[in-house]
Amino acid sequence: MGKHCCSRFQFMRILRNITCALAVLCACGAVLLFPVLSVSAASGDKLIVGIPADRCPTFYTDGETGKTVGIGVDLFRMAAENAGFEPEFRFIGEKNIKEALDNDVYDVLLPFGSAITSKSGKPTVVSDNLFQTPFTLVSLNKRGLPSLSELKAGMLHSQEGVADTVRRLFPGIRIEFYETVQDCVDALRKGDVQALLNNSFVWSYILQKPSYSDLMVLQSAIFTMDFRAGTQDTHSGREIIERLNGGIAKMTDQERQAVVWDYTTRRLYQYGFFDYLYEYWLFFVIGGIIIIAIVSVLIIRWRMIRSRQEKKIVQLRDRDTLTDAYNLNGFRDRAGEVLRNNPDLPYVLFYNNIKNFKYINDSYGMEVGDELLCFLADRIMDNLTDIDVICRIEADHFAVLRHLDANENLGFYEKAILRPVRDFLVNQDKETRVQLCAGAYALTMSDHQAANIDHLLDFARLAEKRLRDNHNEGIEFYNPDQWNTGRLRADVAGHLPVALETGEIQVWYQPQVDYESGEVIGAEALCRWKHAKRGWISPAEFIPALEDSGLIYDLDCYVWNTVCKDLRRWNKEGIHRSVSVNISRADLLKSQSIPEYFCELLSTYLLTPDQIRIEITETAFVENPELLILTTGKFREYGFHVEMDDFGSGYSSLNMLKEVQVDRIKMDLHFLTETGDTEKGRIIVKHVIQMARDLKIGLITEGVETGEQAAFLGDLGCTDMQGFYFHKPMPTEKFEKLNSAS
Ligand code: C2E
Ligand code: MG
Ligand code: MG
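An account of the accompanying structure is given in this report. (Residues numbered from 1 in each chain as written. Chains lettered and ligands numbered in written order. Predicted model: local features only at pLDDT ≥ 70, side-chain atom pairs only at ≥ 80, totals over all residues. Heavy atoms only, no water.)

### Quick notes on the packing of aromatic side chains
How we decide: Ring pairs are drawn from Phe, Tyr and Trp, using the six-membered ring of Trp, whenever the two centres fall within 6.5 Å, and their geometry is named by plane angle: stacked under 30 degrees, edge-to-face over 60, tilted for the rest. Two limits define a charge over a ring: the Lys NZ or Arg CZ must be within 6 Å of the ring centre, and within 35 degrees of the ring normal.
All told, the structure shown has 27 aromatic pairs when counted by the stated rule. Ring-pair connections join several aromatic residues into one group, and the members of that group are Tyr553, Trp560, Tyr597, Phe598, Phe635 and Phe640. In this arrangement the basic side chain of Arg319 is found over the ring face of Tyr326, its NZ or CZ atom lying 4.0 Å from the centre. The ring of Phe724 carries the charged tip of Lys728 above its face, separated from the ring centre by 4.9 Å.

### Remarks on the coordination of the magnesium ion (ligand 3)
How we decide: Only N, O and S atoms count as donors, using a 2.8 Å cut-off from the metal and 3.2 Å for Na, K and Ca, and because water is excluded some sites may appear unfinished. Comment: elements are numbered from the N terminus, with helices defined as DSSP H or I runs of at least four residues and strands as E runs of at least two.
Coordination of the magnesium ion (ligand 3) by the protein involves Asp645 (OD), Asp646 (OD) and Glu702 (OE), with metal-donor separations of 2.1 to 2.4 Å. The sequence motif formed by the donor residues of the magnesium ion (ligand 3) is D-D-x55-E. The distance between the magnesium ion (ligand 3) and the magnesium ion (ligand 2) is 3.7 Å, with Asp645 acting as a donor to both metals. Highlighted residues: Asp646 in strand β23 (residues 641-647) and Glu702 in strand β25 (residues 698-702), separated in sequence by 56 residues.

### Regarding the sheet that holds strand β13 (residues 347-354)
Definition in use: Any two strands with at least two DSSP bridges between them are considered paired. Axes here mean lines fitted to C-alpha atoms, for a helix over just the part in contact, with angles spanning 0 to 180 degrees between N-to-C directions.
Ordered in space as β14-β15-β13-β16-β17, the five strands form an open sheet in which the pairing is mixed. Whereas interior strands pair on both sides, the edge strands pair on one side only; in this sheet they are β14 (389-394) and β17 (474-477). Taken pair by pair, the neighbouring strands of this sheet meet at an average axis angle of 20°, ignoring direction. Bridge analysis of β14 against strand β15 (residues 397-403) gives five bridges, and the strand direction is antiparallel. When the sheet's bridge partners are listed, Val389 is paired in β15 with Leu401.

### Some thoughts on helix α4 (residues 160-169)
The criterion, for reference: Relative accessibility decides the category of a residue: with a 1.4 Å probe and only protein chains considered, values under 20% of the type maximum give buried, values over 50% give exposed, and everything between is partly exposed.
With seven of 10 residues buried, α4 lies mostly within the body of the structure. Inspection of α4 places Glu160, Gly161, Val162, Ala163, Asp164, Thr165 and Val166 among the buried residues, and these make up the whole buried set.

### Some remarks on the environment of Tyr725
Our working rule: We call two residues in contact when some of their heavy atoms are within 4.5 Å.
Mapped onto the elements of the fold, Tyr725 is located in the loop between β26 (720-722) and β27 (730-731). When the C-alpha positions of Tyr725 and Ala710 are compared, they lie 8.2 Å apart, and in sequence the two are 15 residues distant. Among residues more than four places away in sequence, those in contact with Tyr725 are Val704, Glu705, Thr706, Gly707 and Ala710.

### Looking at the pairing of strand β24 (residues 664-668)
The buried fraction of β24 amounts to five of the five residues, a majority that puts the element mostly inside the structure. Covered by surrounding structure in β24 are Arg664, Lys666 and Asp668 together with Ile665 and Met667, the residues of both alternating faces. Bridge count for β23 against β24 is three bridges, and the pairing is parallel. Its bridge partner being in β24, Phe647 is matched across the sheet by Met667. Here β24 pairs with β25 via five bridges, running parallel. Across the sheet, residue Asp668 finds its bridge partner in β25, namely Glu702.

### Description of the site of ligand 1
Let me state the cut-off plainly: Any residue with a heavy atom positioned within 4 Å of a molecule or strand is treated as near that molecule or strand. The term polar contact refers here to a pair of N or O atoms within 3.5 Å; inside protein, the definition further demands a hydrogen-donor-capable atom paired with an acceptor-capable atom, and it admits residues adjacent in sequence only when both atoms are side-chain atoms.
In the vicinity of ligand 1 there are 22 residues, among which Glu524, Asp556, Asp646, Glu705 and Phe724 approach most closely. A distance of 3.0 Å is found between a nitrogen atom of ligand 1 and a side-chain nitrogen or oxygen belonging to Gln510. The side chain of Asp556 places a nitrogen or oxygen atom 2.7 Å from a nitrogen atom of ligand 1. Of all the secondary structure elements, the ones that give two or more residues to the shell around ligand 1 are β19 (520-531), α18 (539-548), α19 (552-572) and β23. If one sorts the elements of the shell around ligand 1 by residue count, β19 sits on top with four residues.

### A look at the state of the cysteines
Rules: Here, a disulfide means two cysteine sulfur atoms that sit within 2.5 Å of each other.
Across all of its chains, the model carries zero disulfides by this definition. Of all cysteine sulfurs, the one in Cys56 lies closest to Cys184, which takes part in no disulfide; the gap is 16 Å. Counting only cysteine sulfurs, Cys557 is the nearest neighbor of Cys564, a cysteine outside any disulfide, at a range of 11 Å.

### So, the nonpolar core
For the record, the criterion: Buried Ala, Val, Leu, Ile, Met, Phe, Trp, Tyr and Cys residues form a nonpolar core when they are joined through side-chain atoms within 4.5 Å.
Leu555, Phe598, Ile612 and Leu713 are the most contacted members of the largest nonpolar core, which totals 71 residues. With 10 residues, the top contributor of residues to this core is α19. Those residues in contact with Ile612 that lie beyond four places of it in its chain are Cys564, Leu567, Val579, Val581, Phe598, Leu602, Leu607, Phe640 and His641. In terms of nonpolar packing, the next biggest core, distinct from the first, is built from 34 residues, Phe76, Ala80, Phe85 and Ile241 among them.

### With respect to the packing of helix α2 (residues 71-82) against helix α7 (residues 235-250)
What counts here: Orientation is classified from the angle alone, with under 35 degrees giving roughly parallel, over 145 giving roughly antiparallel, 65 to 115 giving roughly perpendicular, and any other angle giving oblique. The hand of a helix crossing depends on one turn: near helix anticlockwise from the far one by less than a right angle means left-handed, and clockwise means right-handed. Three classes are used, and their members are as follows: Ala, Val, Leu, Ile, Met, Phe, Trp, Tyr, Cys and Pro are nonpolar, Asp, Glu, Lys and Arg are charged, and the others, Gly among them, are polar.
At a closest axis distance of 7 Å, the pairing of α2 and α7 adopts a crossing angle of 110°. Relative to α7, α2 is oriented roughly perpendicular. For the crossing formed where α2 meets α7, the hand is right-handed. Residues Phe76, Ala79, Ala80 and Asn82 of α2 touch α7, and the partners they reach there are Leu244, Gly247, Ile248 and Lys250. Tallied by class, the residues present in the contact of α2 with α7 amount to five nonpolar, two polar and one charged.

### Some details on the coordination of the magnesium ion (ligand 2)
Taken together, the protein donors to the magnesium ion (ligand 2) comprise Glu524 (OE), Asn582 (OD1), Glu615 (OE) and Asp645 (OD), at separations of 2.0 to 2.3 Å. Sequence spacing of the donor residues for the magnesium ion (ligand 2), all on one chain, is E-x57-N-x32-E-x29-D. We classify Glu615 as buried; its relative accessible area is 0%.

Right, dumping it as structure tokens:
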């Protein structure tokens, strides 16, 4: 069994051949006879016939007429009408025919292979056979099956009645029941059962479904079962069956075959959406891709057209039609945006005016004037990047907002713009030199934030006016100091990464001494920068510039690491030194975990916390007390010494001494040497020393420049000192040579 398989199409062909051969002979007669019989029985006793719902083509509802039809329906109708009944078919609501037997609504039920007992155990009586129903096994391709008596087969729940007959025929067969055909097929595919069992006519219908193309009818497994009507074995039940048997006896084989032939030769299975999807999935996929591609192209095109239109609208609204530069309106927007997006870049705003433009227009005509304007705009545009902006404010007045790269000065303006414009007419063999005046304004940090373009233009315009009033040409700055600061910032900030790598920046040490013994008791690390372009620059210049541009942390990390490396080297040489390092207030804002960073340095370079002293400038304490209290607390917790730097030079807040715990005050003597009453200064120093002593806080004085100052401090008991009188800051090698290092 199961060795000879055929596809569902072959199977259907065989089935048709069998039925055709018998039916063709009598088809015409039977078809003619059938309506006659129907009409004659139309007025008989009503008979309610229960039939299963999921059995096309044996029992089903015709999609077009809505009538209950099928092989079983038509054959039974024939027999019933022969017997004088008027059958009414109802699909049973029960799970299977066994349960339906206990429902008295039905006079008879279809189909029975043989008499079975109802669910509740009542015996049944069945009619004579209406026709032989071939039963067939269906399995997956190439799967070898055991014999029927050892087979595990799947059937529909609704066929439990049939299953009883099958079990009687093949006692060893094991049958699993499932709710739907799909459940049966799933079980077969999973291997839960080896084959599925159903009536061949039903298979001929089901196997038309494209997604069941892997199922095969096992030809050799065909066996036939009777198709009988049945009901409870009661007196009335037996009467109905007897009458029906009379009707069945009147049916000819030709009539029966004609009905079977009629249904099995029709293509009853209707394709649903998923069947089409299964059958034509490649077509759907390709179609889908094509549709998506077309839609995408259309969307992209539509967006391109829209953005082009938007650009055009913006162009008309924000641009000058002659030169394509921004107009004042557009300039305000674009310049504001550029400044906000580049808060750290130094910018200069130029206000350009052609002094003799009216003369040029009058002498050479408007056309030449226009050409000159376009030439000027082009020259400027050639020298701009996309973070710069040009604007034609009116007539011959142009504004330019241009950023400055590191190492850049205004040479480009003179060379690339002023000079060619000056010679524009001369180069056309005209005698007039164009006189161009440019007022410049170097933007400050707060200008970036406020981005009040009209305000900034006023500054640049004032500078331009000053130039014109003085009968000069070229460039005039509104704020030369700001310009210099801006240049410094650009030089310093733009060049820092390179400087750190190439050794332009060095760490120097200024020794700290004990006045009484003259011994070096420590040192302060101070950085020095030999700038490639500017030469030596003082920390007083570059530290604020780096603080402003947010880069001081990079420099300080470098300094701290260098100091730790030096300390490690000295430790290895057996010299245990302590060094004070500066922490900028901008560092504290940049990173909240500087104390932890120092702990990492200790473990990286195998140092002890007493080797690093942390100097935080006094102004930082006043500016951000909460952060300072927190950071100082952490530093001290980790064992570092914290010093309040520049005490007395800034906006001292004596109150901070109460709030913040520091180990040492670093008193700045510079404030004494500058201006004011020296005597009063001495009194202040005396009291600061006394105050530190009373508060039990250490004290060191920096900025000691003379022996007199040193003696004065020594007499008052402040012996820790740092200043030019003892040593100036010096390179590492020189510092190492100092014999008295502790
Ligand atoms: P500071 O921390 O108060 O450093 C002491 C400054 O006083 C140093 O100036 C030092 O050269 C100078 N000085 C020392 N003794 C005398 C003296 O007797 N007379 C005079 N007139 N000056 C003396 P320097 O090196 O120019 O540093 C200036 C400031 O720049 C430092 O003040 C410090 O706040 C900052 N600084 C220097 N290096 C660094 C650094 O690596 N990182 C940070 N964040 N700041 C640094
Ligand atoms: Mg310091
Ligand atoms: Mg200081």
